[in-house]
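Spelled out from the first residue to the last, the chains are:
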Amino acid sequence: MLLTSADIEKATAELSGVVRRTPLIASRVLSERSGADVWLKAENLQRTGSFKPRGAYLRISRLTADERGRGVVATSAGNHAQGVAWSATELGISARVYMPTGASLPKIAATKAYGAEVVLAGETVDDALVEAQRYADQTGAVLIHPFDHPDIVAGQATVGIEILEQMPDVTTIVVPLGGGGLLAGVAAAVQASRPDVRVIGVQAAQAAAWPTSLAATRPVPAASMNTMADGIAVARPGDVPFAHVTEYVDQVVTVSEEELSTALLLMLERAKMVVEPAGAAGVAAAVGGTLDLSGKVCVVLSGGNIDPLLLRHVTTHGLTAAGRFLTFTATVSDRPGGLLALLELLRDLGASVIDIVHSRVADDLYLGEVQVTVSVETRGPDHQRDVRRALSAAGFLREV
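Residues numbered from 1 in each chain as written. Predicted model: local features only at pLDDT ≥ 70, side-chain atom pairs only at ≥ 80, totals over all residues. Heavy atoms only, no water.

Participant: How do you make sense of the overall build of the chain when you look at a structure like this?
Facilitator: Scanning the chain from N- to C-terminus turns up 16 helices and 13 strands. When each of the 400 residues of the chain is scored for burial, the buried share is 53%. In the chain, the share of contacts with a sequence separation of at least 24, taken over all contacts with a separation of at least 6, comes to 72%. Surface summary for the chain: the accessible area is close to 16800 Å², and the carbon and sulfur share equals 50%. In the chain, which carries 34 positive and 43 negative side-chain charges, the distance between the mean positions of the two groups comes to 4 Å. (Helix = DSSP H or I, 4+ residues; strand = E, 2+ residues; numbered from the N terminus. Buried < 20%, exposed > 50% of the residue type's maximum accessible area, 1.4 Å probe, protein only. Contact = heavy atoms within 4.5 Å. Areas by Shrake-Rupley, 256 points an atom, 1.4 Å probe, with all protein chains shown as cover. Lys, Arg positive; Asp, Glu negative; His and termini not counted. Charge placed at Lys NZ, Arg CZ, Asp CG, Glu CD.)

Participant: Teacher, can you tell me more about the sheet that holds strand β5 (residues 117-120) here?
Facilitator: Whenever strands of a sheet pair, they do so through backbone hydrogen bonds, lying parallel or antiparallel. Read across the open sheet, the 4 strands follow the order β5-β4-β3-β6; overall the sheet is parallel. Among the strands making up the open sheet, the edge pair consists of β5 and β6 (142-143). The pairing of strand β3 (residues 72-75) with strand β4 (residues 95-99) spans 4 bridges and is classified as parallel. Looking across to β4, one finds that Ala74 is bridged to Val97. Along the sheet, helix α7 (residues 125-139) makes contact with β3, β4 and β6, crossing β3 at roughly 165°. (Pairing = 2+ DSSP bridges. Axes fitted to C-alpha atoms, helices over the stretch in contact; angles between N-to-C directions.)

Participant: What should I look at first to understand the side chain of Asp151 in this one?
Facilitator: Tracing the sequence through the fold places Asp151 in helix α8 (residues 150-166). The class of Asp151 is buried, set by a relative accessible area of 13%. Sequence-distant contacts of Asp151, that is, excluding residues within four places in its chain, are made with Gly55, Leu58, Arg59 and Arg62.

Participant: How should I be thinking about the environment of Gly282 in this particular structure?
Facilitator: The residue Gly282 is located in helix α13 (residues 281-287) in this model. Taking the relative accessible area as the measure of exposure, Gly282 reaches 0% and is therefore buried. For Gly282 and Gly303, which are 21 residues apart along the polypeptide, the C-alpha to C-alpha distance reads 11 Å. For Gly282, the residues in contact, after removing those within four places along its chain, are Val174, Pro176, Val202 and Val299.

Participant: Sorry, what's going on with the environment of Leu365 here?
Facilitator: By secondary structure assignment, the location of Leu365 is in the loop between β12 (352-359) and β13 (369-377). With 281 residues separating them in the primary sequence, Leu365 and Val84 have C-alpha atoms 58 Å apart. Beyond its immediate stretch of four places on either side in the chain, Leu365 contacts Thr331, Ser359, Arg360, Val370 and Gln371.

Participant: Before we go on, may I ask you to explain the environment of Asn305 in this structure?
Facilitator: Relative to the elements of secondary structure, Asn305 occurs in the loop between β10 (296-301) and α14 (308-321). Residue classification places Asn305 among the buried residues on the basis of a relative accessible area of 17%. Sequence separation between Asn305 and Gly279 is 26 residues; the distance between their C-alpha atoms is 8.9 Å. Discounting residues that sit within four places of it in the chain, Asn305 has contacts with Thr48, Gly49, Ser50, Asn79, Gln82, Lys107 and Glu276. Separated by 2.9 Å, the side chain of Asn305 and the backbone oxygen of Thr48 make a polar contact. (Polar contact = N/O pair within 3.5 Å; in protein donor to acceptor, adjacent residues only side chain to side chain.)

Participant: Whenever I open this one, the packing of aromatic side chains confuses me. Can you help?
Facilitator: The description of an aromatic ring pair uses the distance of the two centres, along with the angle that the planes make with each other. For the structure on display, the rule yields 3 aromatic pairs. Seen from their ring centres, Tyr57 and Trp86 are 6.0 Å apart, and the 40° between their planes marks the pair as tilted. With a gap of 29 residues between them, Tyr57 in helix α3 (residues 52-61) and Trp86 in helix α5 (residues 79-90) connect regions that are remote in the sequence. Both residues of the pair, Tyr57 and Trp86, belong to the buried class. Ring centres of Tyr98 and Tyr135 lie 6.1 Å apart, and the angle between their planes is 55°; this geometry places the pair in the tilted category. Here Tyr98, found in strand β4, pairs with Tyr135, found in helix α7; they are 37 residues apart in sequence, far enough to count as distant. Just as Tyr98 is buried, Tyr135 falls in that class too. (Phe/Tyr/Trp six-rings, centres within 6.5 Å; stacked < 30°, edge-to-face > 60°.)

Participant: Even after reading the chapter, I still don't get the sheet that holds β13, so can you show me in this structure?
Facilitator: Taken in spatial order, the 3 strands make up an open sheet running β11-β13-β12, and their pairing is antiparallel. The open sheet is flanked by β11 (325-333) and β12, the only strands paired with a single partner. Each strand axis lies, on average, 25° off the axis of its neighbour in the sheet, ignoring direction. Pairing analysis gives 7 bridges linking β12 to β13, with the strands arranged antiparallel. Looking across to β13, one finds that Val353 is bridged to Val376.

Spelled out as structure tokens, the structure:
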């Protein structure tokens, strides 16, 4: 199952001029927070907004004439769907993509726009994969797996080749981890010429099949998945990626939902990069204290396809996790000027009010009191603590 250096060199030649050579961008904020010299491999700027066309195009381009005539079928929450749709259209092949019913509407629309027929099936990618396999068995269409095929891994390995060429002195590469195709490809490319470089995979803690699988020395399905990072929410590692990861990858870690949202917000504010939660997993590990980094570090931003509605939700989540957004419930006098006193205190504290909701039916209210739930912007955890102490001292909070 393991790719050779010749396999990767061939894949690199076949994808030359097809996929973009994405930029490597220095990140001052990640360097300051991690203590290493951190650079970002911006695969969110790749065609279709993620690394996926690399493997998808390579796999589809190698089909026989008979296989091309039967068309291709795939399943994905969005990024692989778009990669397959774009690749098939470029090669003049029909494509059908099965996506879970909860897939992002912009990703569904983009997949259709790239030329594929989209069918919604099941609640998860794994559910949709069952339907895709059934369609392949019935029609003879070729199933283009999102990660579990040597051609897919070879295509993703070109990300590793580019990193080594763009950053010859790299010492550590940090890669988001779902099914394992990207991590396996990068690790295989590094192993072929620079085995001294550390390769680290990062998975969402609430969809983490890899730690259990590595401990068991075989792919084991995750017991449950509940993460905003749909791009890496895969229940079971692929067999082909698993062989490469166990052989070549130095470390696999997990990050929390709070760390993912904070990383996404950091990319928006400081790097001016639109990155989806899955794409920010490596950033989350780099700045969250999960990893001990030094030297020259490359963090892969694997994708940037995010629903604007999810972006709004994740941004709020990230602001809260970073101590920039505070919601509290206060009790004020239900007389003219009662609320004004609270607002004047917040003004003096430098907290900007975003939203206020009144309630006169709370169980612990006395006659002549009203309960207000207030959302404010704060400057960070220290400022947030100062605001809560001042509110308590003024009698607006019954408990701190």
